[in-house]
Amino acid sequence: MMLKDYPFKFVGTGGVFDYKYGNSSLVIDIPERILIDIGPLAYPKLAETGVIESIDYLLLTHLHGDHIGGIFQYIFHNKGKLGKVTKILYQNKAFRNEIKALLDAMYIPNTHYEFVSVSTLDRIECIDTTGKHADGVTSFGFVFRLESQTIYYSGDLGDIEVSNRVVERLHPDSTS
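Let us look at the structure shown here.

A closer look at unusual backbone geometry
- Residues I30 and P31 are joined by a peptide bond in cis, for which omega reads 20°.
- Tracing the sequence through the fold places P31 in the loop between β1 (26-29) and β2 (33-36).
- A positive phi angle, near 65°, is found at D37, a position not held by glycine.
- Position of D37 relative to the elements: it lies in the loop between β2 and α1 (42-49).

Notes on the pattern of salt bridges
- Counting across every chain of the model gives five salt bridges.
- Notably, a salt bridge pairs D29 with R33, separated by 2.7 Å at the nearest N-O pair.
- For K100, the salt bridge identified is with D104, shortest N-O distance 2.8 Å. Taken together, the positions of K100 and D104, both in helix α4 (residues 93-105) and four residues apart, correspond to about one turn of that helix.

Digging into α1
- For α1, the full list of buried residues reads A42, Y43 and L46. Seen along its axis, α1 keeps its buried residues to an arc of 95°; they face one direction. Among the exposed residues of α1, those pointing more than 90 degrees away from its buried face are K45, E48 and T49.
- Buried-residue contacts for α1 involve β1, β2 and α3 (71-80).
- Once α1 ends, the next one or two residues include G50, with phi positive near 85°.

Brief notes about the packing of aromatic side chains
- Scanning all chains against the criterion turns up five aromatic pairs.
- Note on Y90 and F115: the rings are 6.2 Å apart at their centroids and 85° apart in plane angle, and the pair reads as edge-to-face. Within this pair, whereas Y90 is found in strand β4 (residues 86-90), its partner F115 is found in strand β5 (residues 113-117), the two being separated by 25 residues in sequence.
- For the pair F142 and F144, a centre-to-centre distance of 6.0 Å together with 40° between the ring planes defines the contact as tilted. Accessibility classification places F142 together with F144 in one group, the buried group.
- Grouped by ring-pair contacts, the aromatic residues Y90, Y113 and F115 constitute a single cluster.
- The ring centre of Y90 lies 5.2 Å from the NZ or CZ of R96, which sits over that ring.

Re the nonpolar core
- Judged by nonpolar contacts, the single largest core of 35 residues is most densely connected at I34, I38, L89, I124 and F144.
- Those elements giving two or more residues to this core turn out to be β2, α1, β3 (57-59), α3, β4, α4, β5 and β7 (140-145).
- What L89 contacts, discounting residues up to four positions off in sequence, is I34, Y57, L58, L59, V116, S117, V118, L121 and I124.

Some remarks on the sheet that holds β7
- Pairing is antiparallel in the open sheet, where three strands are placed in the order β6-β7-β8. Because the sheet does not close on itself, it has two edges, and the strands there are β6 (124-128) and β8 (150-153). Sheet twist, expressed as the mean angle between neighbouring strand axes with direction ignored, is 15°.
- Summarising the sheet, β6 and β7 pair through five bridges and their orientation is antiparallel. In the sheet register, E125 faces β7, and the bridge partner there is V143.
- In this fold helix α5 (residues 160-170) packs onto β6, β7 and β8, with an angle of close to 170° to the strand it touches most, β8.

Cut-off values and rules
- Residues numbered from 1 in each chain as written.
- Predicted model: local features only at pLDDT ≥ 70, side-chain atom pairs only at ≥ 80, totals over all residues.
- Heavy atoms only, no water.
- Helix = DSSP H or I, 4+ residues; strand = E, 2+ residues; numbered from the N terminus.
- Salt bridge = Lys/Arg side-chain N within 4 Å of Asp/Glu carboxyl O.
- Buried < 20%, exposed > 50% of the residue type's maximum accessible area, 1.4 Å probe, protein only.
- Arc of directions from axis to C-beta.
- Contact = heavy atoms within 4.5 Å.
- Phe/Tyr/Trp six-rings, centres within 6.5 Å; stacked < 30°, edge-to-face > 60°.
- Lys NZ or Arg CZ within 6 Å of the ring centre and 35° of its normal.
- Core = buried A, V, L, I, M, F, W, Y, C linked by side-chain atoms within 4.5 Å.
- Pairing = 2+ DSSP bridges.
- Axes fitted to C-alpha atoms, helices over the stretch in contact; angles between N-to-C directions.

These figures come from the coordinates and say nothing about function on their own.
Take a look at the structure:
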């Protein structure tokens, strides 16, 4: 069965070169408000609209620049302007350590953020897609289970079969 055969609504068209469409960020309420990725163009929009003030958690799919390029401004905005620590959801210890190394390399003080295991939020299922976007790159997709709908967020994937398997599992009655 091909992904196109499902009755889905696709959101997000931006990417590393598609700056006119925004890039690599999504805000979702599950009911906690979660910012998925923080591409370089996302911070100005979040700050300008005031949405930044209502975000509870940051969740990262992977650490490519088009997905984390605004993290420095986002964390410093939270601490400096809002007086709050950024809560970063992590999928496993290894990925938490990768995020920590990135933040250390950016000289972001560990007093400006804290890590929270994504497993504390029962409406999120993590899908390990490591190596399915780019060789050697740790990455994740997510399934969000809301009251009235289920949302699958793939992040960046180079292997459509991963999405096909997730969708078939979520919609086993679908036929091609």
